[in-house]
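Structural overview for review
Here are the chains, one letter per residue:
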Amino acid sequence: TYLNWDPSLINLSAAMSISPAAVRSFGGLVGDSSYTLGPPLPPQNATLTTNANTARFEAALNDVTKRLNEVLTRDTFAVSYSNYYEEKEKQSRIAFWHTQPARDSGSKTLLGKRVLDAQAETGPESKKVKPFWKKFMQEDSEQIVPGISNDYEAASLGPKTPDICFFQSHVATPSAESFVAAGDCKGDKWTGKSTSEKGQIMLYLRKILDAQPNRQHAYGFVTNNKIVVLVKASRASCSPFEVIWEISDVLTYVSGMTLFVDLMTADNGYRPNPTFNGDTVSVQRPLRPGGSCRAYLGRFKGEDVVVKVYSSNELAQANHARIAEINSAMENKNQDGATLPITRGLSEQWLLVQPIGQPFTPTSFSHAHLKCVLNTLKQTHTAGYVHRDVRMANMFDLGGGRILLNDWGSMAAKDNLTPYEGCPPPFSHPLLDRMVQHIPLAKHDLYSLVYSSAKLVAPGFSADAIQSVFGDAFRTVELVDYDGVYASLKPLLFL
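As a starting point, this report considers the structure included with it. (Residues numbered from 1 in each chain as written. Predicted model: local features only at pLDDT ≥ 70, side-chain atom pairs only at ≥ 80, totals over all residues. Heavy atoms only, no water.)

1. With respect to the overall build of the protein chain
If you tally the helices and strands in the protein chain, you get 13 helices and 24 strands. Residues classed as buried in the protein chain amount to 48% of the 495 residues present. The contacts of the protein chain with a sequence gap of at least 6 include a subset with a gap of at least 24, amounting to 61%. Here the protein chain has roughly 22,700 Å² of accessible surface; of this, 50% comes from carbon and sulfur atoms. (Helix = DSSP H or I, 4+ residues; strand = E, 2+ residues; numbered from the N terminus. Buried < 20%, exposed > 50% of the residue type's maximum accessible area, 1.4 Å probe, protein only. Contact = heavy atoms within 4.5 Å. Areas by Shrake-Rupley, 256 points an atom, 1.4 Å probe, with all protein chains shown as cover.)

2. Side note on the sheet that holds strand β20 (residues 395–399)
Reading across from one edge, β18-β20-β21 is the order of the three strands in this open sheet, with antiparallel pairing throughout. Single-partner strands in this sheet number two, and they are β18 (358–359) and β21 (402–405). By the bridge criterion, two bridges tie β18 to β20 in an arrangement that is antiparallel. Bridging across to β20, Gln358 finds its partner in Asp397. Helix α9 (residues 367–382) contacts β20 and β21 of the sheet and is inclined by roughly 45° relative to β21. (Pairing = 2+ DSSP bridges. Axes fitted to C-alpha atoms, helices over the stretch in contact; angles between N-to-C directions.)

3. Examining the sheet that holds strand β15 (residues 303–310)
Strand order across the open sheet formed by five strands is β13-β14-β15-β17-β16, with antiparallel pairing between neighbours. Each end of this open sheet is capped by a strand with a single partner; those strands are β13 (282–287) and β16 (342–347). Each adjacent strand pair in this sheet contributes to an overall mean axis angle of 30°, direction not counted. Sitting on the sheet, helix α8 (residues 313–329) is in contact with β15, β16 and β17 (350–354), with an inclination near 155° to β16.

4. With respect to the packing of helix α12 (residues 471–478) against helix α13 (residues 482–489)
Closest axis-to-axis distance for the α12/α13 pair is 8 Å, and the angle between their directions is 175°. In this view, α12 runs roughly antiparallel relative to α13, as classed from their interaxial angle. Mapping the contact onto sequence places Asp472, Ala473, Thr476 and Val477 in α12 and Gly484, Val485, Ser488 and Leu489 in α13. Of the residues belonging to the contact of α12 with α13, the class tally is four nonpolar, three polar and one charged. (Parallel < 35°, antiparallel > 145°, perpendicular 65-115°, else oblique. Nonpolar A, V, L, I, M, F, W, Y, C, P; charged D, E, K, R; others polar.)

5. Some words on the packing of aromatic side chains
Enumeration according to the criterion identifies 14 aromatic pairs in this entry. With a centroid separation of 6.1 Å and 65° between ring planes, the pair formed by Phe166 and Phe221 is classed as edge-to-face. Taken together, the residues span a long stretch of sequence, with Phe166 in strand β5 (residues 164–168) and Phe221 in strand β7 (residues 217–223) at a distance of 55 residues. A single burial state applies to Phe166 and to Phe221, both of which are buried. Relative to Phe300, the ring of Phe276 has its centre 5.8 Å away and its plane inclined at 75°; by these criteria the two rings are edge-to-face. Remark: Phe300 occurs in strand β14 (residues 293–300) and Phe276 occurs in strand β11 (residues 275–276); sequence separation between them is 24 residues. Assessed through its relative accessible area of 2%, Phe300 is described here as buried. Members of the aromatic cluster, each reached through a chain of ring pairs, are Phe427, Tyr447, Tyr451 and Phe474. The lysine or arginine in question, Lys371, covers the ring of Tyr486, its NZ or CZ lying 4.8 Å from the ring centre. Across from the ring centre of Phe427, 6.0 Å away, lies the NZ or CZ of Arg391, which sits over that ring. (Phe/Tyr/Trp six-rings, centres within 6.5 Å; stacked < 30°, edge-to-face > 60°. Lys NZ or Arg CZ within 6 Å of the ring centre and 35° of its normal.)

6. Brief notes about the pattern of salt bridges
A full pass over the atoms with the stated rule returns 20 salt bridges. Asp304 is paired through a salt bridge with Arg299; the nearest N and O atoms lie 2.9 Å apart. Between Glu478 and Lys443 there is a salt bridge, with the nearest N and O atoms lying 3.2 Å from each other. Taken as a pair, Glu478 in helix α12 and Lys443 in helix α10 (residues 442–457) lie far apart in primary sequence, 35 residues in all. (Salt bridge = Lys/Arg side-chain N within 4 Å of Asp/Glu carboxyl O.)

7. Remarks on the pairing of β15
Burial analysis of β15 places six of its eight residues in the buried class, which makes it a mostly covered element. Pairing of β14 with β15 involves eight bridges; the strand directions are antiparallel. Its bridge partner lying in β15, Tyr296 is registered against Val307. The antiparallel hairpin formed by β14 and β15 contains two residues in its connecting segment, where Lys301 sits at a positive phi of about 55°. Direction of pairing for β15 relative to β17: antiparallel, over a ladder of four bridges. The residue of β17 that forms the bridge with Lys308 is Leu351.

8. Notes on a nonpolar patch on the surface
A contiguous nonpolar patch, built from Phe461, Val469 and Leu492 and spanning about 220 Å² of accessible area, is present on the exposed surface. Tracing the sequence through the fold places Val469 in helix α11 (residues 463–469). (Patch = residues over 30% accessible without salt bridge, like charges linked within 9 Å, V, L, I, M, F, W, Y side chains within 5 Å.)

9. Things to note about the packing of α9 against α10
Axis separation between α9 and α10 bottoms out at 10 Å; the angle between their running directions is 165°. Taken together, the axis directions place α9 and α10 in an arrangement best described as roughly antiparallel. Pair α9 / α10 crosses with right-handed handedness. Side by side, α9 and α10 meet where Leu370, Val373, Leu374, Leu377 and His381 of the first sit next to Ala442, Asp445, Leu446 and Leu449 of the second. For the contact of α9 with α10, the residue count by class is seven nonpolar, one polar and one charged. (Left-handed = near helix turned anticlockwise from the far one by under 90°.)

10. Re the nonpolar core
Residues Phe365, Leu370, Leu374, Met395, Ile403 and Leu449 are the most contacted members of the largest nonpolar core, which totals 42 residues. Considering each element in turn, this core owes the most residues, nine residues, to α10. When near neighbours in sequence (up to four residues on either side) are disregarded, Leu370 contacts Phe365, Leu449, Tyr486, Leu489, Lys490 and Leu493. (Core = buried A, V, L, I, M, F, W, Y, C linked by side-chain atoms within 4.5 Å.)

Structure representation (structure tokens):
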């Protein structure tokens, strides 16, 4: 579900099934996922060819790809910070942060003298508050958080630059990859209730997490030197592992800044790259998350790997064991079949997996790929297992006619009652709808394969249309006829 994911493929497979000459506007692909269609554009001259039409189609497709990437990168359709806050609130991704006092009122403060001096510098944002922090951080060497560098407007995070930047101490010129936290200044009229300032800090922290796959959470604050609002961004513990935020009530300046320093000192959220038998893996960029883990592209011993991060050590160990189990069961039995994933390392919640492939498109999934998957499923079922998640999201093109059948985390023994896992509707067999537990059967895998293939080559089809057009294939599924499934699907594939 996550190998080498290319976000440009989102919603574009549908466009690929439309005749290039019939496309008048792709604007609707962003937002409402609809198309504006019309008769073919009139030729500009008598020599207009199919190649010219195709070039126009590809240019429009590239434009859509660019716009979709921009949307996906910022994870929002918001046009202002206040709008960003409201959007995430509607998505139930913001919670009230029930903060606890950092220390007893009589305890010695961790705040340095210059940080405490800020209380005397209140007033307009541009005349009093920002000038204080700028002079403090550019002229003094005092660290707000021990061991972490701080500077004024040192680097941008997305569309703006935080007033107060915290970054790794060994970094001379910070970037999103080296940020640790962020703060912003406001004037004396700020009450701590404005959603705009909260949305701004939320976006800063989101950019930090996006740039640092290893970071578990990030902290930020807004202050006018009289009051403070704290913000924490972290990753959800379940799929799709979205960023969620916690926002404190309005705190006094001293209590808020003391709590910020305490939290940052205890755990600023960063986790070092994991090591496997002494070798370190370099985590590079996020991939599309799976159903039970976050996933990243990484480099390990000079090779590309998928770095999977589970919510617990037990889950990582269970998935490692299932991959080993299916490889052992299929040893010397998977001739002319799909490639199976292998693990390169296991360390606590981290699991390294190979190989890495590319998602299929309607024109790249071939008869040969289909045959390989069916051969592997037949051997898997004969060995007594059911994959339970045979979707295109878990099949990848390895080049040279090879295909990876990935994500065996839901694999179960065939014909034994077990809790339901795996394919979500509509890819799961209709008899499994709302099942809490079930007996995994071979036909469940075949049904998912047929339905997933149908959605790939005919993405605009309704559920009823799929059942009608691919009816022969679904009938062979009920007979568990592997050759029949192949014969029924073959005429409907492009290659």
